[in-house]
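Spelled out, the chains give:
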Amino acid sequence: MWQSRPGVLGWLMTTDHKRIGLLYFWTTLVLFAAGGAEALIMRTQLMQPNQHVVGPSVYDQLFTMHGITMIFFFIIPMTTGAFGNYLLPLMIGARDMAFPRLNALSYWIFLGSGIFIYTSLFIGMAPNAGWFDYVPLANAKFDPGHAIDFYCLGIIFNGISSTLTAANFIVTILKMRAPGMSFNRMPLFCFAFLAASWGLLFALPSLTADTIFLFLDRNVGTHFFDVARGGSAMLWQHLFWIFGHPEVYILIVPAFGIATEIIPAFTQRRVVAFPLVAVAELLVVFIGFGVWAHHMFATGMPTITVIFFAAATAIVVIPSTIQVFAWCMTFITGNARFKTPLLFIAGFIFMFVAGGLTGIMFLAVPFDQQVTDTYFVIAHFHYIIFGAAVFPIFGGMYFWFPKVTGKLYFELPGQISFWLIFIGTNLLFFPMHIVGLEGMPRRNYTYPAGLGWGPANLAETIGSYITTVGIVVLMANLVVSYFRGLPAGPDPWHGATLEWTIPSPPPEYNFAVIPKVSSAYANWDYADREEDRRKLAAGVMVLEQGHEQPVSSPVDGWWAEIVEMPHDSPWPILLGLALAVVFVLLLLHLWMGFCFAVAGILLVLLGWHGEEPQESEA
Amino acid sequence: MRHTQGYPFPGLSTSRGTKPRRRIAAAASALLPLTLAGCGGRQSVLNPHSHPAGDITNLFWVMMAVAFGGLALITGLLVLAWFRRGRRGFGADADDPHPGERQGWWVVVGMGVVFPLMVVTALFIVGNGVIIGVTQAPAASSTAMTVDAIGHQWYWEFRYPGTKAVTADELHIPVRTRVNLVATTADVIHSFWVPELNRKIDTIPGRRNRILLYANRPGVYRGQCAEYCGLQHTHMGMLVFVQTRAAFHAWLRGQAAPAAAPTTALERRGEQVFLSGPCSSCHTIRGTSARGFVGPDLTHLASRTTLGGLTIPNRRNYLARWIVDSQHLKPGNQMPNLELGRAQLRALVAYLESLK
């Protein structure tokens with residue numbers, strides 16, 4: 001079997017999905033801290049009426065960057081980039097992603113786009129028209145300077161990374177499953193990532209087109225959004241939300257996937273109504289493409305249009321309720337052990353239901369038109385995004401910590417961190433419902449006294465501090481556990497899926513022997529695991545002639561062929577770097593330099609497609 | 001007597017009527033906070049003063065009750081799981097890999113598909129079949145009058161078609177009258193929103209969106225721009241004064257008239273300052289040569305109670321401070337700080353205060 005190259009160079013040139021997953025993990029944690037700091041500054045500003053911790057100009061940049069960061073630079077890269085990269089090949093019994101070098105390229109582009117967009121904040125030119133960036137406010141006329149150009153280019157740059165990741169996941173899930181893992185024997189985690197990846201692939205082009213139009217309007221003089229010259233301000237909103245609503249499901253469906261792995265492990269029971277849950281995970285993303293205009297009910301669209309989108313919004317409820325009751329029934333009929341990961345999942349179900357119920361309210365169009373753009377909506381989607389996407393991420397960090405590090409985390413501080421975060425987020429987000437109903441609009445850098453908004457805002461700010469303490473306890477617990485934790489062994493939870501069949505941390509090649517799979521809960525099929533051990537001893541199905549990987553048929557998971565996978569490569573990081581140069585040149589309007597940089601990219605691509613010496617067949 | 005509820009600043013009377021009425025209005029406004037106490041202030045969805053807003057609020061209370069029921073159900077299931085920890089299935093064999101699967105399916109299909117379908121269908125019919133008829137844009141023929149609301153960065157301009165009346169930030173309508181409000185924008189997207197009277201409507205460039213404005217009883221209702229529109233989105237408030245029909249028509253006649261000529265020497269000097277200085281390049285005062293259109297029409301500035309999108313009360317000292325230091329009160333607004341001598345400022349304020 002092969003080994004990774006040691007040292008820094010090994011990390012820079014790696015194509016190992018686990019190393020790339022860890023790079024994603026650390027990078028997104030840094031960006032999460034940045035987005036969290038932005039939120040804390042805003043909450044401190046709003047603690048009391050008429051406070052001026054920051055002025056309106058800084059505040060506008062803060063809420064814009066908070067939204068961009070948490071959506072594009074924390075949750076998507078954390079779920080798909082970190083959790084998906086690390087775990088998905090392990091769960092389907094593969095030795096790597098389908099396109100390892102493309103995977104590395106995704107990461108370097110993601111890192112480049114993160115540095116690119118945060119540069120704007122440090123030079124005081126951060127995007128300031130909201131993450132939704134409505135025109136005409138974002139046009140050059142009302143927002144001169146580079147702030148919105150940073151937004152457009154940063155989003156396009158980041159979108160390339162997400163697109164590559166999504167394509168890679170889809171091919172990996174369809175083609176790289178261990179022989180025997182037919183579609184119906186795939187863990188629910190994989191269904192969730194398949195759904196999210198299809199979602200990304202189809203949603204992102206709309207946003208990319210939108211931001212390209214805006215960049216051209218601002219810098220080249222086109223008139224896509226210029227009403228006076230025959231453009232349309234509504235075009236931006238439609239294209240944005242055609243991406244923006246599927247995006248919500250792209251954020252939470254991978255979190256559903258994490259939940260559907262933690263629940264079986266801690267209840268020792270297969271998920272109730274498995275086929276329904278699998279279909280629901282795919283359906284929620286599919287139907288999610290038909291509801292975008294419910295973000296635009298107050299724009300004065302014709303009543304018939306509004307009602308159509310309200311009906312679609314009503315239908316998208318059903319896949320979610322199916323999953324919620326399936327999770328709850330698994331809790332009840334299984335033998336639930338309320339360890340930290342399961343506590344986070346129980347908290348996630350509570351938060352998701354609370355946020356989902358206010359979401360259902362928005363299908364009543366008049367009510368939506370009354371409370372849209374108020375704190376009621378902020379409350380709703382933070383229950384969804386923090387409660388339903390971030391809680392499972394935290395739960396997943398605890399759950400897979402032993403697998404990734406080989407150490408056990410400390411249980412008591414884990415439970416303390418859960419309760420701090422759970423109480424903190426509820427204190428942070430619940431009063432937002434009330435203050436929104438009392439008429440407080442979003443995106444206000446301060447608010448007057450005398451409207452009754454003070455007490456709720458104070459509670460929210462205190463809640464944000466408690467949440468922060470909880471997250472610090474969580475991180476500290478994991479750091480201390482890394483150095484002081486007890487050895488975990490391969491399978492501390494008696495988990496259900498294939499990653500628990502291999503040592504912790506997993507070796508470079510993941511599976512010494514290609515595993516046999518006959519259900520979605522492969523680690524509980526003891527006869528299969530026994531057979532794997534026999535095969536390993538006999539040297540059958542080991543594939544040790546270099547960096548080899550079996551490829552199977554998409555539906556039946558039937559043995560198709562054995563392919564040779566690429567090893568370490570310098571081309572992904574070089575291509576990422578070249579792309580970063582291209583975007584910087586575009587930002588600075590250096591068109592000649594831009595042409596040279598594109599030529600440079602073509603050269604790198606030549607290298608990429610050339611023969612590479614394959615490394616170390618130890 | 002004064003009350004402060006609903007105003008962004010303390011000690012401002014809501015009544016600036018004509019002199020004989022002032023005392024009655026003050027007494028009435030003193031009673032107002034009592035009636036509003038406990039209703040959550042004066043920009044509250046939960047404190048409706050019209051039938052469209054009332055229908056939405058009633059719908060909300062029903063939805064909230066159902067939602068709490070749903071949340072209690074799920075919480076109950078999770079708590080039940082905690083009590084049942086250590087037990088698998090419902091009397092099933094503990095070694096069964098799927099204990100209680102059949103009952104689970106019944107719950108998932110019944111509670112996860114059938115029940116929510118019934119709930120969302122009922123909500124859909126009530127919300128989008130019944131209530132939407134009350135809140136959607138009114139048929140023009142069903143309304144008695146039209147008001148144009150024009151969003152600017154960052155104030156509201158109100159026009160009364162058919163008259164010459166133009167005002168800013170403060171809109172007057174007659175009580176129990178169906179008003180056709182036409183919302184447009186002079187620059188970016190804003191959103192007209194007075195929650196106690198109706199839902200919101202965005203102002204979209206190139207479009208004339210409409211909404212019904214109706215109030216059951218006289219009073220002052222606070223509203224605010226609800227769509228992020230730039231640096232001072234925060235200070236883009238408005239007040240809707242709902243008056244008896246007679247009082248409203250008297251007000252409208254006054255607003256439609258050109259500005260009163262200055263009477264004292266000080267006011268005349270102030271008018272000179274206004275017309276010769278930078279003021280007139282951005283502001284209009286009908287009846288004078290000032291024809292600017294960047295800032296609000298100031299023809300009847302003194303009849304307003306507030307300045308700068310409800311940033312400050314319209315009183316002498318605040319007005320003076322606004323003229324020389326608006327960038328401190330409302331950073332980034334379109335009006336530059338004016339550098340005026342003490343005497344000039346005094347005269348200018350006296351003139352503006354005379355524009356009843």
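Residues numbered from 1 in each chain as written. Chains lettered and ligands numbered in written order. Predicted model: local features only at pLDDT ≥ 70, side-chain atom pairs only at ≥ 80, totals over all residues.

Asks: So what about the overall build of chain B? Which residues, and what values?
Replies: Counting its secondary structure elements, chain B contains eight helices and twelve strands. Classification of the 356 residues of chain B by burial places 47% in the buried group. Sequence-distant contacts, at least 24 apart, represent 63% of the contacts inside chain B between residues at least 6 apart. (Helix = DSSP H or I, 4+ residues; strand = E, 2+ residues; numbered from the N terminus. Buried ≥ 20, exposed ≤ 12 C-beta atoms within 10 Å, placed from the backbone. Contact = placed C-beta atoms within 7 Å.)

Asks: I'd like a rundown of the pairing of strand β1 (residues 145-152) of chain B, residues and numbers included.
Replies: All names here are of chain B. Judged from the seven bridges that link them, β1 and strand β5 (residues 179-185) form a sheet pairing that is parallel. Each residue of the ladder has a partner; that of Thr146, found in β5, is Asn180. In this sheet, strand β2 (residues 155-159) lies alongside β1 in antiparallel orientation, the contact comprising five bridges. Residue pairing in the sheet places Asp148 in a bridge with Arg159 of β2. Here β1 folds back onto β2, and the loop between the two strands holds two residues. (Pairing = 2+ DSSP bridges.)

Asks: Summarise the environment of B:Ser191; cite the residues concerned and give the values.
Replies: Mapped onto the elements, B:Ser191 comes out in strand β6 (residues 190-192). For the pair B:Ser191 and B:Glu227, spaced 36 residues apart in the sequence, the C-alpha separation amounts to 5.1 Å.

Asks: Explain the sheet that holds β5(B) to me, using residue names and the numbers behind them.
Replies: Residue and element names in this part refer to chain B. Taken in spatial order, the five strands line up as β3-β2-β1-β5-β8 in an open sheet, and their pairing is mixed. Looking at strand neighbours, the two that pair on one side only are β3 (166-168) and β8 (209-213), the edges of this open sheet. Ignoring strand direction, the axes of neighbouring strands in this sheet form an average angle of 25°. (Axes fitted to C-alpha atoms, helices over the stretch in contact; angles between N-to-C directions.)

Asks: Let's hear about the sheet that holds strand β10 (residues 237-243) of chain B: which residues, and what values?
Replies: Residues and elements named next belong to chain B. The sheet built from three strands is open, its strands ordered β4-β10-β9 with mixed pairing. Of all strands in the sheet, those with a lone pairing partner are β4 (170-174) and β9 (219-224), marking the two edges. On average, adjacent strands in this sheet sit at an angle of 25° to one another, irrespective of strand direction. Examined bridge by bridge, β4 and β10 share five bridges and lie parallel to one another. Across the sheet, residue Glu170 finds its bridge partner in β10, namely Leu239. Across the face of the sheet, helix α4 (residues 245-256) comes into contact with β4 and β10 while running at roughly 135° to β4.

Asks: Mind laying out the packing of helix α6 (residues 188-219) of chain A against helix α8 (residues 274-288) of chain A, listing which residues take part and the relevant values?
Replies: Residue and element names in this part refer to chain A. Where α6 contacts α8, the axes come no closer than 9 Å and their chain directions differ by 15°. The orientation of α6 relative to α8 falls into the category roughly parallel. The element α6 and its partner α8 pack so that their crossing is right-handed. The segment α6 lies against α8, with Leu188, Phe191, Ala192, Ala195, Ala196, Trp198 and Gly199 engaging Val277, Ala278, Glu281, Leu282 and Val285. When the residues that make up the contact of α6 with α8 are grouped by side-chain class, the tally is ten nonpolar, one polar and one charged. (Parallel < 35°, antiparallel > 145°, perpendicular 65-115°, else oblique. Left-handed = near helix turned anticlockwise from the far one by under 90°. Nonpolar A, V, L, I, M, F, W, Y, C, P; charged D, E, K, R; others polar.)

Asks: If you had to explain the environment of A:Phe32 to someone new, which residues and values would you point to?
Replies: All names here are of chain A. Tracing the backbone shows Phe32 in helix α2 (residues 17-45). Take Phe32: there are 20 C-beta atoms within 10 Å of it, and that puts it in the buried class. Residues Phe32 and Met70, 38 residues apart in the sequence, show an inter-C-alpha distance of 6.6 Å.

Asks: Quick one: what's the story with the nonpolar core, residue by residue and with numbers?
Replies: Burial of nonpolar side chains together is a common tendency in soluble globular proteins. Counting 263 residues, the largest nonpolar core has A:Ala326, A:Cys328 and A:Ile349 as its most contacted members. A:Ala326 has contacts with A:Val271, A:Val272, A:Ala273, A:Leu276, A:Val277, B:Val108 and B:Gly112, leaving out every residue within four places of it along the chain. (Core = buried A, V, L, I, M, F, W, Y, C linked by C-beta atoms within 7 Å.)

Asks: If you had to explain the confidence of the model for chain B to someone new, which residues and values would you point to?
Replies: If pLDDT is low for a region, its predicted coordinates should not be looked at in detail. Residues and elements named next belong to chain B. Scored by pLDDT, chain B has a mean of 87; 88% of the residues are at 70 or more. Within the model, the stretch residues 1-41 combines pLDDT values under 50 with 60 contacts to residues more than four positions away or in other chains. Scoring the predicted complex yields pTM 0.93 and, for the interface, ipTM 0.92. (pLDDT = per-residue confidence, 0-100.)

Asks: Please set out the interface of chain A and chain B residue by residue, giving values where relevant.
Replies: Contacts between chain A and chain B engage 73 residues on the former and 81 residues on the latter. The element best represented in the side of chain A that touches chain B is helix α10 (residues 317-333) of chain A, accounting for twelve residues. Class assignment for the residues of the side of chain A that touches chain B results in 47 nonpolar, 18 polar and eight charged.

Asks: Describe unusual backbone geometry, naming the residues involved and giving the relevant values.
Replies: Residue A:Ser504 is joined to A:Pro505 through a cis peptide bond whose omega torsion reads -15°. Mapping A:Pro505 onto the fold places it in the loop between α15 (454-484) and α16 (526-538). Following B:Gln153, the chain continues into B:Trp154 via a peptide bond in cis, with omega recorded as -5°. Structurally, B:Trp154 is set in the loop between β1 and β2. Backbone geometry at B:Leu310 places phi at a positive 65°, although glycine is not the residue there. By the C-beta count within 10 Å, which is 25 here, B:Leu310 ends up buried.

Asks: Describe helix α11 (residues 340-361) of chain A, and please don't skip the residues or the numbers.
Replies: Over its 22 residues, α11(A) extends 32 Å from the first C-alpha to the last, a length consistent with the 32 Å expected when each residue adds 1.5 Å. The buried count for α11(A) comes to 22 of 22 residues, which makes it a mostly enclosed element. (Expected span 1.5 Å × (residues − 1).)

Asks: Describe α15(A), naming the residues involved and giving the relevant values.
Replies: Counted at 1.5 Å a residue, the expected span for α15(A) with its 31 residues is 45 Å, and the 45 Å between its end C-alpha atoms agrees. Those residues of α15(A) that sit buried are A:Ala456, A:Asn457, A:Glu460, A:Thr461, A:Gly463, A:Ser464, A:Thr467, A:Gly470, A:Leu474, A:Asn477, A:Leu478 and A:Ser481.

Asks: An account of the packing of helix α5 (residues 147-175) of chain A against helix α17 (residues 571-587) of chain A is requested, with residue identities and associated values reported.
Replies: Residue and element names in this part refer to chain A. At their nearest, the axes of α5 and α17 sit 10 Å apart, and the two run at 160° to each other. Our classification of the angle between α5 and α17 gives roughly antiparallel. Crossing geometry of α5 relative to α17 is assigned as right-handed. From α5, Asp149, Phe150, Leu153 and Phe157 reach across to α17, where they touch Phe583, Leu586 and Leu587. Its residues assigned to classes, the contact of α5 with α17 shows six nonpolar, no polar and one charged.

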